[in-house]
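If you want the building blocks of each chain, they are given just below.
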Amino acid sequence: MNYESTMTSSLDRNIENNAYAGFWIRFGASLIDGIVLAIPLTILAMIFIGVATASGSDALAVILPLLLYIIIFVTAALYYVLLTSSKYQGTVGKMIVGVKVVDPEGNRIGKGRALGRFFSYYLSGMFFSIGYIIAGFTPKKQALHDYIASTYVVKK
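Residues numbered from 1 in each chain as written. Predicted model: local features only at pLDDT ≥ 70, side-chain atom pairs only at ≥ 80, totals over all residues. Heavy atoms only, no water.

K.L.:
Help me understand helix α3 (residues 58-84) in this model?
P.N.:
Quick reminder: α-helices carry 3.6 residues per turn. Residues three or four places apart thus point the same way. The first and last C-alpha atoms of α3 sit 40 Å apart over 27 residues, in line with the 39 Å expected at 1.5 Å per residue. For α3, the complete set of buried residues consists of L64, L68, A76, A77, Y79, Y80, V81, L83 and T84. Structurally, α3 contributes buried residues whose contacts are with α2 (23-55), α4 (92-97), β1 (99-102) and α5 (111-133). Taking the backbone nitrogen of A59 as reference, a side-chain oxygen 3.3 Å away marks S57 as the first, capping residue of α3. (Helix = DSSP H or I, 4+ residues; strand = E, 2+ residues; numbered from the N terminus. Expected span 1.5 Å × (residues − 1). Buried < 20%, exposed > 50% of the residue type's maximum accessible area, 1.4 Å probe, protein only. Contact = heavy atoms within 4.5 Å. Polar contact = N/O pair within 3.5 Å; in protein donor to acceptor, adjacent residues only side chain to side chain.)

In structure tokens, the structure reads:
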């Protein structure tokens, strides 16, 4: 028995009859998450731009965009890591569409695995987002970041 079939049988037993979430449902969740993050971060960006413009300082004009980028990155990381590893097992978008992220045994993932999965999103997005698109064609509907983090997205 190979490793993948061992993982599959364990996962299938633990999640009972839940189906793996395919590309389009995950895409919908991603759009919702983009909106959830974009609204407060856009407001924050407008505040930063206003402060930089009003100050007339060349130093602020250089520092504030860098600070804004760091804030956006940290906010996104916290959003994805904390929600995915929480009792909800997914972001707001995943909760709305009715899916959750699980480990090979069908359990909630920890913060370390969620952080690895978050950083793996960047690999999934490289090369025309092929890492995301493959979720529509793999047997367990896994994207590249799911393979890297050993996670599955299943319907609740």
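Once the structure has been displayed, the description carries forward.
K.L.:
Would you take a moment to explain the environment of G125 for this structure?
P.N.:
Along the chain, G125 falls in helix α5. Placed 19 residues apart in sequence, G125 and L144 show a C-alpha to C-alpha distance of 9.2 Å.

K.L.:
Is there a simple way to explain the pattern of salt bridges in this structure?
P.N.:
Any two side chains of opposite charge can pair, so long as their charged atoms come close to each other. Tallied over the entire structure, the rule returns 2 salt bridges. Across the pair R26 and D146 runs a salt bridge whose closest N-O atoms are separated by 2.5 Å. Here R26, found in helix α2, pairs with D146, found in helix α6 (residues 144-149); they are 120 residues apart in sequence, far enough to count as distant. For the pair shown, R26 and D146 are each scored as buried. Of the charged contacts, one joins R117 and D146 as a salt bridge, the two residues approaching to 2.8 Å between their closest N and O atoms. One end of the pair, R117, is in helix α5; the other, D146, is in helix α6, with 29 residues separating them in the sequence. In this pair, the class of R117 matches that of D146, namely buried. Each of R26, R117 and D146 takes part in one network of salt bridges that share partners. (Salt bridge = Lys/Arg side-chain N within 4 Å of Asp/Glu carboxyl O.)

K.L.:
Honestly, the nonpolar core in this entry has me stumped. Any pointers?
P.N.:
Side chains that are nonpolar tend, in soluble globular proteins, to be buried together. Of all hydrophobic cores here, the largest spans 16 residues; its most connected members are L37, Y79, Y80, F118 and V153. At the level of elements, α2, α3, β1 and α5 are the ones that each hand at least two residues to this core. No other element matches the 6 residues that α3 contributes to this core. Those residues in contact with F118 that lie beyond four places of it in its chain are F73, A76, A77, Y80 and V81. (Core = buried A, V, L, I, M, F, W, Y, C linked by side-chain atoms within 4.5 Å.)

K.L.:
How should I be thinking about the environment of E105 in this particular structure?
P.N.:
Within the secondary structure, E105 is located in the loop between β1 and α5. On the basis of relative accessible area, E105 is assigned to the partly exposed category, the value being 36%. E105 sits 47 residues away from Y152 along the chain, and the two C-alpha atoms are 9.7 Å apart.

K.L.:
Looking at this model, I keep getting lost on the environment of F27. Mind explaining?
P.N.:
Looking at the secondary structure, you find F27 in helix α2. In this structure F27 comes out as partly exposed when scored by relative accessible area, which is 39%. Separated by 106 residues in sequence, F27 and I133 place their C-alpha atoms 9.5 Å apart.

Taken by themselves, the reported measurements are silent on function.
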